[in-house]
Amino acid sequence: MKNFLIIIILLISSFQFSISNRKQNYYNQQQFESIIINILHKYFTYDFEEPISINHNIENNNDETKVDPNDHVNVELWNKLNEEDIKKMPVIHDYSNEIIAKKWLKWYLYIVQRYSQIDIYLHWNYMTNITEENQKAITAQNLIQSPFSRLVLPIAKKFNEYMKYSENYDLKRIFGGLASSTTSNNDDDNVKRISKLGSQLEDIYSTTKVCELNNKKKCYALAPYLERLMQIEKDYDRLLWAWKGWHDECGNKIRPVYLPYIDLLNKNVKENGYHDLAQYWIKGYGIGNVTGFESIIDQLLKNIMPLYEQLHAYVRGRLCSKYENRFDCNGPIPAHILGNMWAQTWHDRLDDVIPYPDAPLINITKVLIEKKISIHQLYTMAESFFTSIGLYPMTPKFWARSMFEKPTDRNVVCHGSAFNMGYHDDYRVKICTEINDDYFYTVHHEMGHIEYYMAYSEKQPFVYQSGANSGFQEAIGDTIGMFAISPAHLIKLGFLDEENVNLHYEINYLFRLALEKVTFLPFSYVMDKYRFLLFRNEIDREHELNSKWWALRIEYGGIMAGAPRNDKKNFDAGAKYHIPSNVPYLRYFFAHILQFQFHRAMCRLQGVTKRLHMCDIYGNKYVGEKFKEMLAMGASKSWPEILENFTGENKLESQAMLDFFQPLYNWLKMENLARGYPVGWM
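Each chain carries its own residue numbering, running from 1 in the written order of its sequence. This being a predicted model, a pLDDT of at least 70 is required before a residue's local features are given, and a value of 80 or more before pairs of side-chain atoms are given or counted; all residues contribute to the totals for chains, interfaces and linings. Heavy atoms throughout the structure, all of them, feed into the side-chain values; hydrogens and water do not.

## Digging into the packing of aromatic side chains
Note the following rule: Here a pair means two rings of Phe, Tyr or Trp (six-membered ring of Trp) with centres within 6.5 Å. Their orientation is stacked below 30 degrees between planes, edge-to-face above 60, and tilted elsewhere. Numbering of helices and strands runs from the N terminus; a helix is a DSSP stretch of H or I covering at least four residues, while a strand is a stretch of E covering at least two. Burial here depends on accessible area, computed with a 1.4 Å probe over protein chains only, as a share of the maximum for the residue type. Under 20% is buried, over 50% is exposed, and the range in between is partly exposed.
The tally for this structure, following the rule as stated, stands at 53 aromatic pairs. Relative to Phe 419, the ring of Trp 124 has its centre 4.9 Å away and its plane inclined at 85°; by these criteria the two rings are edge-to-face. Here the residue Trp 124 occupies a position in helix α4 (residues 98-127), and Phe 419 occupies one in strand β4 (residues 417-420), the gap between them amounting to 295 residues. We classify Phe 419 as buried; its relative accessible area is 0%. Relative to Trp 550, the ring of Trp 243 lies with its centre 6.0 Å away and its plane at 55°, an arrangement referred to as tilted.

## Re the pairing of strand β2 (residues 215-221)
Look at any regular strand and the pattern is simple: side chains alternate between the two faces of the sheet. Keep this limit in mind: Two strands pair if DSSP finds at least two bridges between them.
Here strand β1 (residues 209-212) pairs with β2 via 4 bridges, running antiparallel. When the sheet's bridge partners are listed, Cys 211 is paired in β2 with Cys 219. From the end of β1 to the start of β2, which pair antiparallel, there are 2 residues.

## Some thoughts on the state of the cysteines
By definition, a disulfide links the sulfur atoms of two cysteines through a covalent bond. We apply this condition: Here, two cysteine sulfur atoms that lie within 2.5 Å of each other are counted as a disulfide.
Evaluation of the coordinates by the stated rule reveals 4 disulfides. One disulfide in the model links Cys 603 with Cys 615; its S-S distance is 2.4 Å. Here Cys 603 and Cys 615 share a disulfide; its torsion about the S-S bond, -115°, makes the bridge left-handed. Residue Cys 603 is found in helix α22 (residues 586-605), and its partner Cys 615 is found in the loop between α22 and α23 (621-632); the two are separated by 12 residues along the sequence.

## Thoughts on the UniProt feature "binding site: Zn(2+) 1" (unreviewed entry) in the chain
Selection criterion: UniProt positions are given in the numbering used here, feature names are shortened, and annotations may be inferred rather than shown by experiment. For the purposes of these results, a polar contact is taken to be a pair of N or O atoms within 3.5 Å, where, inside protein, one atom must be able to donate a hydrogen and its partner to accept one; residues adjacent in sequence count only when each atom of the pair is a side-chain atom.
Summarizing the sequence annotation, UniProt attributes the feature "binding site: Zn(2+) 1" (unreviewed entry) to His 445, His 449 and Glu 474 in the numbering used throughout. Look at the named residues: they lie 30 residues apart in sequence, but the longest C-alpha span between them is just 7.6 Å, so in the fold they bunch up. Structurally, His 449 is set in helix α16 (residues 437-459). On the accessibility criterion, Glu 474 (0% relative accessible area) is buried. A polar contact is formed between the side chain of Glu 474 and the side chain of His 445, at a distance of 3.0 Å.

## As for the domain arrangement of the chain
The cut-off we apply is this: Domains are outlined according to an automatic or database domain assignment. In this description, contact between two residues means that some pair of their heavy atoms is separated by no more than 4.5 Å. Each of two parts loses accessible area, computed with a 1.4 Å probe, when they are put together; buried area is these two losses added. Note that Gly is not counted as nonpolar here; it falls among the polar residues with everything else outside the nonpolar set of Ala, Val, Leu, Ile, Met, Phe, Trp, Tyr, Cys and Pro and the charged set of Asp, Glu, Lys and Arg.
Domain boundaries in the chain define domain 1 (79-181), domain 2 (195-357 + 522-582) and domain 3 (364-507 + 586-675). Computed over C-alpha atoms only, the centres of domain 2 and domain 3 are separated by 25 Å. Contact with domain 2, which involves 35 residues of that partner, is made by 33 residues of domain 3. Between domain 2 and domain 3, roughly 3,200 Å² of surface is buried when both sides are summed, and carbon and sulfur atoms account for 67% of that area. When the buried surface of domain 2 facing domain 3 is broken down by residue, Tyr 285, Leu 307 and Tyr 356 rank first, second and third, together holding 21% of it. Put simply, domain 2 and domain 3 have 11 residue pairs in polar contact (both at pLDDT 80 or more) between them. Listing elements by their share of the side of domain 2 that touches domain 3, those giving two or more residues are α7 (188-207), α8 (222-232), α11 (290-322) and α20 (520-535). If one sorts the elements of the side of domain 2 that touches domain 3 by residue count, α11 sits on top with 13 residues. Grouping the amino acids of the side of domain 2 that touches domain 3 by side-chain chemistry returns 20 nonpolar, 9 polar and 6 charged.

## As for the packing of helix α9 (residues 236-271) against α20
Just so we agree on the cut-off: A fitted line through C-alpha atoms serves as each axis, taken over the contacting stretch for helices, and the angle formed by two N-to-C directions is quoted from 0 to 180°. By definition in this entry, angles of less than 35 degrees are roughly parallel, angles greater than 145 are roughly antiparallel, angles of 65 to 115 are roughly perpendicular, and the rest are oblique.
At a closest axis distance of 11 Å, the pairing of α9 and α20 adopts a crossing angle of 70°. By the angle between their directions, the pair α9 and α20 is classed as roughly perpendicular. Contact residues: Tyr 258, Ile 262 and Asn 266 in α9; Arg 531, Leu 534 and Phe 535 in α20. Grouping the amino acids of the contact of α9 with α20 by side-chain chemistry returns 4 nonpolar, 1 polar and 1 charged.

Set out below in structure tokens:
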């Protein structure tokens, strides 16, 4: 969700035909009282009920006993209230009349509020307890909401024909957003089918297991076993077993469900005036038209590629020495030997490729275990970072209702995500947390979403309660995460001795971070590059459905499949969560650019302009105040204005990342030359 127009789009979309067309790895605040008070109040003569006040800065927020177990959405009651209110739609005799438009909007928003709260509540239930009963509840709710969606969209479009010329800024933007929404024009059978397909995809991904070749009774889920194996295993063939097993078992099962699913989604957006699903996604970013958008991401990646190519050359050279005669030392790197199931980040192979073994980085996982840090303490440590700079503590409901660990009694969607339940200060995370460095970072990231939700829900009317764009949402937690793992901060935590931090240590640290941040950019680029081609029917599904994926991975990242693949049965893209869950992925590409812009701006605020990798903002409430001001703006202005207000820059630019890694880039160029490592792969 990119700006408040897109909130409205997604609200309408949530009533349509599919749960997965609106799936996100976070959910936005749904306090519609605030829009009524802050936007419509100034235009109407009647009184409005004041919204419930929210105080995030209460003490002892982790006291779960404060939470009333009955304080949640009442699905049956909400639906009954909406059934009655839908019958009370204001009479419309003139679509150009702004008083009538405001009255209709007020009626609409009260109904949408309840439906949206139900929607989030049911999705939380399903993702934390994958059962047929919970899936059926979502399908049944979609069928209840679809007629309302079909009713209101044509009306909103008629209003927009006049409101787009209005001098009232809010009405112009709100109705413009509504008119750009989509809804299913098909019957309830189609709604059922798409909802069922979406749930099937979630179920396949979350329940797939890989069995030992010689023992079919000994099988493993992706989390935690296979993910951990990919991180720590060194044996080439064992890694290949895990990689091939997951891609075969998951991707191959996803394929026959995913293709008809996206065909239905594509058909729907076409019926609503879009060329394809790619155009619909691109519109949501608020970064120009299709051509302009794609030229921007192409240029951002092009700017980063010299750094990436040097990094790729060095890692390939080192791994070629470890795995002699296993792959071409001048070509792409096999995907399964980079420490990650999808080769999207490579930092878990640091020990094998570290530039200076004489200056090993602190092992955060080892320190956490030695200090006997509990899972709960991981979250309180992250919370303390946020509060140290003046951001919010978590709410009682966060501690009482979040899923912090993988349950042993039911299937869940383990992929980490943050939820804004939109009801009475209810924020949650869903993470199958383990005690290691990756989750240390993930916890900061997901709680960053919560901080963003709190900041704009406190300061903005609902209409502006969203991230400036979806890249902002993802970048907030990552920015704090970078500070949290910086050498300077680890020294403050007592994890690292200051005397151990020398030039070799700093190069190792920059190298490790580049293996996480820089390597991710080509992967995230290809994730949506591939899907855009698929949505546009520019991929021959019979002859290149899988080979096209790997052609793009090779072209843009120099990564190849670990084993021979088959276009007739394999669908390796589908083995990545965000494909079956239909989550747009370029938000993470943008977030990786933005977080370095945010990071540089925060360091500058405390007077640091050099060696940015050694900057730490912990405890700096002045920096936190400025950061909080940006968060609190939500979507009240365009994202370039919000970005400029905080960083002084009004566009996405890769220079901040390049500046951060400049010492490493200089080192890599000299080292690759000295070692005779070739740069490039084609």
